Number of protein chains: 2
Amino acid sequence: MKKLRLGDIGLGQRGAQLVKEVFVEHESVVITAICDSYEDRVEDAAKVITDAGHPEPFKTTNYKEVLSKDKVDCVVVAASWNKHIDMTVECLEAGIPCGCEIGGVETLDECFKLVEAYERTKTPFMFMENCCYGRREMMALNMAKLGVFGTLVHCSGGYHHDLRSEVANGKELRHYRLNEYLTRNCENYPTHEIGPIAQVLDINRGNRFVSLTSTASKSVGLHEYILEKKPDDKELVDATFAQGDIVTTVIKCERGETITITLDTTLPRYYSRGFTVRGTKGMYEEFTDSVFIDGEVSDEDHAEWKTQWGNADRYAEKYEHDVWKKFLADGVHGGHGGMDYLVYSEFFDCVINNKPMPIDAYDAAAWMCITPLSEKSIAAGGAPMEIPDFKNLK
Amino acid sequence: MKKLRLGDIGLGQRGAQLVKEVFVEHESVVITAICDSYEDRVEDAAKVITDAGHPEPFKTTNYKEVLSKDKVDCVVVAASWNKHIDMTVECLEAGIPCGCEIGGVETLDECFKLVEAYERTKTPFMFMENCCYGRREMMALNMAKLGVFGTLVHCSGGYHHDLRSEVANGKELRHYRLNEYLTRNCENYPTHEIGPIAQVLDINRGNRFVSLTSTASKSVGLHEYILEKKPDDKELVDATFAQGDIVTTVIKCERGETITITLDTTLPRYYSRGFTVRGTKGMYEEFTDSVFIDGEVSDEDHAEWKTQWGNADRYAEKYEHDVWKKFLADGVHGGHGGMDYLVYSEFFDCVINNKPMPIDAYDAAAWMCITPLSEKSIAAGGAPMEIPDFKNLK
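Conventions and cut-offs
- All residue numbers here refer to positions counted from 1 along the written sequence of the relevant chain.
- The order in which chains are written sets their letters, starting at A; the order in which ligands are written sets their numbers, starting at 1.
- Residue-level local features of this predicted model are given only where pLDDT is at least 70; pairs of side-chain atoms are given and counted only at 80 or more, and the full residue set underlies all totals for whole chains, interfaces and linings.
- Calculated side-chain values reflect all of the structure's heavy atoms, with hydrogen atoms and water omitted.
- Only DSSP runs of H or I with at least four residues qualify as helices, and only runs of E with at least two residues qualify as strands; both kinds are numbered from the N terminus onward.
- Each radius of gyration is computed over the set of C-alpha atoms, and the globule rule expresses the reference value as 2.2 Å times the number of residues to the power 0.38.
- Throughout, exposure labels follow a simple rule: accessible area from a 1.4 Å probe, protein chains only, divided by the maximum for the residue type, with under 20% read as buried, over 50% as exposed, and the rest as partly exposed.
- Contacts: residue pairs with any heavy atoms within 4.5 Å of one another.
- In this count, Lys and Arg are taken as positive residues and Asp and Glu as negative ones, while His and the chain termini are left out.
- Charge coordinates come from a single atom per side chain, which is NZ of Lys, CZ of Arg, CG of Asp or CD of Glu.
- When the copies are superposed, the least-squares fit draws on C-alpha atoms of residues that have pLDDT of at least 70 in both.
- Residue ranges for the domains trace back to a domain assignment, done automatically or taken from a database.
- Summed over both partners, buried area is the accessible surface (1.4 Å probe) that two parts give up on being assembled.
- Per-residue confidence from the prediction method is given by pLDDT, with values spanning 0 to 100.
- We call Phe, Tyr and Trp rings a pair once their centres come within 6.5 Å, taking the six-membered ring for Trp, and we label the pair stacked below 30 degrees between planes, edge-to-face above 60, and tilted otherwise.
- Structural elements are reduced to axes, namely lines fitted to C-alpha atoms, with helices fitted over the stretch in contact, and the angle between N-to-C directions of any two is expressed from 0 to 180 degrees.
- Convention used here: angles under 35 degrees read as roughly parallel, angles over 145 as roughly antiparallel, angles from 65 to 115 as roughly perpendicular, and any remaining angle as oblique.
- Here is the rule for handedness: rotate from the far helix to the near one, and if that takes an anticlockwise turn smaller than a right angle the crossing is left-handed, while a clockwise turn gives right-handed.
- Basically, the charged four are Asp, Glu, Lys and Arg, the nonpolar ten are Ala, Val, Leu, Ile, Met, Phe, Trp, Tyr, Cys and Pro, and anything else, Gly included, counts as polar.
- Pairing between strands is defined by DSSP: at least two bridges between the two strands are required.
- Space inside and on the surface of the protein is sampled on a 1 Å grid over the protein atoms alone, with a cavity defined as a set of points where a 1.4 Å probe fits but cannot get out and a pocket as an open set with protein on both sides within 12 Å along at least 5 of 7 lines; lining residues have an atom within 4 Å of a point.
- Grid points are joined across faces, edges and corners, and a volume is the space filled by probe spheres set on the points.
- Here a polar contact means two N or O atoms within 3.5 Å. Within protein one must be a hydrogen donor candidate and the other an acceptor candidate, and residues neighboring in sequence count only if both atoms are side-chain atoms.
- Two cysteine sulfur atoms form a disulfide, by the criterion used here, when they sit within 2.5 Å.

Asks: Please give an account of the overall build of chain A that cites residues and values.
Replies: Along chain A, the regular secondary structure elements total 17 helices and 14 strands. Its C-alpha atoms give chain A a radius of gyration of 21 Å, within 12% of the compact-globule value 21 Å for 394 residues. Within chain A, buried positions represent 63% of all 394 residues. Sequence-distant contacts, at least 24 apart, represent 74% of the contacts inside chain A between residues at least 6 apart. Within chain A, the 64 negative side-chain charges are centred at a point lying 2 Å from the centre of the 44 positive side-chain charges.

Asks: Pulling in residues and values, what's your account of the relation of the copies chain B and chain A?
Replies: Aligned on chain A, chain B shows an RMSD of 0.0 Å; the corresponding rotation is 180° and the shift along the axis is 0.0 Å. Here the two chains are linked by the operation of a two-fold rotation axis. It is A383 of chain B whose C-alpha, among those of chain B, lies nearest the rotation axis, at 2.6 Å. When you check the interface residues of chain B against chain A, 98% turn up at the interface there too, and the contact is symmetric in its surfaces.

Asks: Could you give an account of unusual backbone geometry, with specific residues and numbers?
Replies: All names here are of chain A. One non-glycine residue, N204, lies in the positive phi region at around 70°. Mapping N204 onto the fold places it in the loop between α9 (191-200) and β8 (209-216). Owing to a relative accessible area of 11%, N204 belongs among the buried residues under this scheme. Backbone geometry at N354 places phi at a positive 55°, although glycine is not the residue there. Counting through the fold element by element, N354 comes out in the loop between α15 (339-353) and α16 (361-368). Given the relative accessible area of 64%, N354 is considered exposed.

Asks: Tell me about the domain arrangement of chain A, and please be specific about residues and values.
Replies: Residue and element names in this part refer to chain A. Taken domain by domain, chain A comprises domain 1 (4-130) and domain 2 (132-321 + 361-392). For domain 1 versus domain 2, the separation of C-alpha centres amounts to 26 Å. Tallying the contact residues gives 28 residues for domain 1 and 28 residues for domain 2. Each partner contributes to the roughly 2600 Å² buried at the junction of domain 1 and domain 2, and carbon and sulfur atoms together form 64% of this total.

Asks: Describe in detail the confidence of the model for chain A, supporting the description with residues and values.
Replies: Scored by pLDDT, chain A has a mean of 97; 100% of the residues are at 70 or more. Predicted complex, confidence summary: ipTM 0.97, pTM 0.97.

Asks: Kindly report on the packing of aromatic side chains, identifying the contributing residues and their values.
Replies: Residue and element names in this part refer to chain B. According to the stated counting rule, one finds 32 aromatic pairs over all chains in the structure shown. With centroids separated by 5.0 Å and ring planes inclined at 80°, the aromatic side chains of F23 and Y344 adopt a geometry described as edge-to-face. Note that F23 is positioned in the loop between α1 (13-21) and β2 (29-35) and Y344 in helix α15 (residues 339-353), a separation of 321 residues in sequence. Classification of Y344 as buried rests on a relative accessible area of 0%.

Asks: Account for the packing of helix α5 (residues 135-145) of chain A against helix α13 (residues 312-319) of chain A, naming residues and giving values.
Replies: All names here are of chain A. Axis separation between α5 and α13 bottoms out at 10 Å; the angle between their running directions is 60°. Here α5 is positioned oblique relative to α13, judged by the angle of their axes. Classified by chirality, the crossing of α13 by α5 is left-handed. Side by side, α5 and α13 meet where R135, R136, M139, N142 and M143 of the first sit next to A312, D313, Y315, A316 and Y319 of the second. Residues of the contact of α5 with α13, tallied by class, amount to six nonpolar, one polar and three charged.

Asks: Go over the side chain of T262 of chain B with me, naming the residues and quoting the values.
Replies: With respect to the helices and strands, the residue T262 of chain B is situated in strand β10 (residues 258-264). Ignoring any residue separated from it by four or fewer positions in sequence, one finds T262 of chain B in contact with G157, G158, Y159, H160, E187, E193, I246 and V247 of chain B.

Asks: Now, about the pairing of β8 of chain A: what can you tell me, with residues and values included?
Replies: It is a general feature of regular strands that their side chains alternate between the two faces of the sheet. Residue and element names in this part refer to chain A. Of all the eight residues making up β8, seven are buried; the element is thus mostly covered by neighbouring parts of the structure. For β8 and strand β9 (residues 246-253), the ladder comprises seven bridges, and the chain directions are antiparallel. Residue pairing in the sheet places S211 in a bridge with K252 of β9. The pairing of β8 with strand β14 (residues 385-386) spans two bridges and is classified as antiparallel. Looking at the pairing, L212 lines up with M385 of β14.

Asks: Any chance you could break down empty space enclosed by the protein for me, citing the residues and the numbers?
Replies: Per the stated rule, a full pass over the model turns up four cavities of 30 Å³ or more. Size it by volume and the largest cavity reaches roughly 540 Å³. Lining the largest cavity are 31 residues, with S156 and F287 of chain A together with S156, T262 and F287 of chain B positioned closest to its centre. At the level of elements, β7 (152-160), β9, β10 (258-264) and β11 (276-279) of chain A together with β7 (152-160), β9 (246-253), β10 and β11 (276-279) of chain B are the ones that each hand at least two residues to the lining of the largest cavity. Taken together, the residues of the lining of the largest cavity sort by class into four nonpolar, 19 polar and eight charged.

Asks: Describe the side chain of R269 of chain A, listing the residues and the values that go with them.
Replies: Position of R269 of chain A among the secondary structure elements: in the loop between β10 and β11. Within the local environment of R269 of chain A, its side chain forms a polar contact with the side chain of D264 of chain A, the two groups lying 3.1 Å apart.

Asks: Would you mind going over the sheet that holds strand β2 (residues 29-35) of chain A in detail, with residue names and values included?
Replies: All names here are of chain A. The strand order β3-β2-β1-β4-β5-β6 describes an open sheet built from six strands, whose pairing is parallel. Of all strands in the sheet, those bounded by a partner on one side alone are β3 (58-60) and β6 (125-127). Taking the axes of each pair of neighbouring strands and ignoring which way they run, one obtains an average angle of 20° across the sheet. The pairing of strand β1 (residues 4-9) with strand β4 (residues 74-77) spans four bridges and is classified as parallel. Directly across from L6, in β4, lies its bridge partner C74.

Asks: Which residues make up the state of the cysteines, and what values do they have?
Replies: All told, the structure shown has zero disulfides over all chains when counted by the stated rule. Its sulfur unpaired, C35 of chain A is 12 Å from the next cysteine sulfur, which belongs to C91 of chain A.

Asks: Please set out α5 of chain A residue by residue, giving values where relevant.
Replies: Residue and element names in this part refer to chain A. The buried count for α5 comes to eight of 11 residues, which makes it a mostly enclosed element. Those residues of α5 not exposed but buried are R136, E137, M138, M139, A140, L141, M143 and A144. Positive backbone phi, approximately 85°, marks G147, located one or two places after α5.

Structure below.
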């Protein structure tokens with residue numbers, strides 16, 4: 001089977017990691033073009049590729065040079081949040097199948113642009129939300145579709161990830177998050193949780209997000225961190241961060257379900273996506289990695305759940321998703337506990353076999369629009385904001 | 001020491017349980033008057049009292065007859081949500097120290113009435129939120145006051161309690177919850193979590209709730225439950241419940257903290273109050289009963305917290321609240337894991353020794369007003385509602 005020629009635009013933290021942990025060893029692709037605005041990143045990635053025994057790819061600091069069917073069969077855009085949609089749109093216009101890495105958009109307009117470009121060009125597009133391929137997310141999705149949870153009522157999740165070091169060292173790391181946190185106050189990274197939740201709740205497949213409210217706490221986590229860890233960085237010590245430490249967003253769906261998502265990246269804590277699915281017959285909850293099925297639980301456990309913490313392993317014997325059954329049998333590999341390998345395998349498979357993308361432009365728009373809409377809601381004191389119906393734009 | 005003569009108004013589920021598990025064996029009181037609108041409940045409670053070796057109390061179905069200094073030194077109001085504030089106000093007007101059991105109010109006006117009655121009469125009043133005396137809530141409060149969590153930023157909690165049986169059998173149990181769930185859609189029971197959170201965040205002691213938004217999911221849990229468990233109850237099978245299954249309320253505080261609370265009473269799940277405190281130096285989380293302190297956690301634990309589930313026991317060695325240290329040494333007793341004994345001991349102690357009540361009319365108003373304000377917010381599609389500053393009413 002002929003391998004796809006893959007172009008990678010963006011070689012920062014995410015792009016470089018994908019090259020190293022997924023692309024150089026993936027059986028479906030060969031990396032033929034790489035791009036970043038920083039030349040050293042391009043050179044470093046090229047070395048990773050050649051060290052792995054592959055030919056040296058085309059190297060450039062101008063992403064437009066990657067967008068040529070002579071050079072690539074498909075492209076991955078792993079650039080910064082404020083550039084990735086424009087790049088993706090150009091990619092679609094060039095007729096090159098595109099996988100776009102995640103991260104909120106800057107403006108609602110970018111969501112419309114993406115959908116419009118997709119509808120106009122019909123170039124294959126996939127939004128690369130790896131957490132849709134998380135093991136527990138897929139198990140819960142499987143259980144939801146089998147009806148194990150009954151009628152679905154509520155889901156919640158969060159991006160609970162202490163990023164203080166990454167943000168505070170943004171200058172050294174050349175990471176765009178620093179500027180985002182200095183200048184914006186919003187749910188800036190909703191898709192790790194909202195993606196899997198949208199799949200559970202059939203968003204854009206008979207259901208849709210209708211409206212949201214967002215509320216941000218004060219911003220103190222980064223400031224205190226910098227005072228302690230970087231007291232000599234005069235610029236940052238005196239900086240005022242716009243981004244609240246905790247942003248709570250509540251979404252209403254057309255079928256009546258609600259969703260609560262939390263951005264939680266600048267206070268000390270353990271990593272979690274807090275993925276929770278609630279229905280009339282049961283629930284899955286990531287915090288305690290447990291499944292509760294109505295009628296299966298003793299009165300003692302009902303009152304004191306500790307004994308059931310971690311019981312999801314037991315349910316996995318019955319409800320593991322087929323994708324993960326196979327993956328576990330074959331041997332889990334690739335970045336982020338295997339999710340990266342799975343999400344890219346899906347994308348490459350769809351490109352090679354001309355299949356419809358499982359996470360499309362409408363999904364990307366619906367998930368990413370939460371960022372600018374949450375920003376508006378926060379600025380308006382928590383006022384509800386309507387969420388566009390991207391599948392039925394007039 | 002002379003015992004307080006205690007009157008109990010309301011002998012439903014809560015009142016009867018208090019008589020049996022707390023009052024008849026409490027060293028500070030003797031029950032001298034009891035009242036309920038149902039005569040059989042009065043008789044049952046009287047029997048519990050005499051069976052415990054106490055004299056038969058004054059018995060009535062008219063609560064006004066209890067409000068006499070000839071009969072009682074203090075009164076506990078454990079009546080239904082739509083009557084307890086009016087009764088409490090009458091009690092204060094009669095100059096009888098009053099402990100009012102929890103549950104949301106019907107209207108914002110009741111909160112103003114309570115504060116006004118307290119300011120006019122200065123009769124001692126305490127809001128009997130037992131969860132303020134929960135072991136972990138008090139430990140986290142202690143840690144917060146000691147600065148262990150750093151600057152406080154966010155708290156969350158919920159009333160996660162499957163009450164489907166109680167609500168669906170409301171006719172048989174003569175429980176007012178059934179009517180509440182049929183007719184209202186709101187955060188109807190906020191105080192188990194908002195009480196301890198308010199204490200952590202110094203509400204009415206230098207901080208206050210400023211505004212809230214509330215969002216309700218659809219209502220399907222009770223309907224499906226009734227179809228399955230009470231298919232012959234024609235009236236309920238055909239009933240439409242107003243109350244959404246999950247209500248998410250987000251509160252902003254004057255100092256910039258945010259609070260998320262969840263009403264979650266009509267879907268299958270285990271019991272929890274989900275009490276969580278977040279600060280710039282650490283956190284406590286009830287779901288996993290764990291403490292996370294910045295700098296104390298390994299990279300492995302940070303990424304995979306399972307190993308630390310339940311570690312709060314370890315922190316209790318250092319941070320147990322003094323009240324609980326003594327209680328554990330003396331032997332925990334009384335209802336709801338001892339919380340009921342502690343909250344009533346505090347009330348009785350304040351009455352006997354004429355000390356200021358730790359949970360006063362301003363606290364009661366601030367905590368209970370969430371119910372009518374959430375109802376308004378839900379009806380207005382999640383629009384933010386201002387929360388009155390009850391300490392500074394014009």
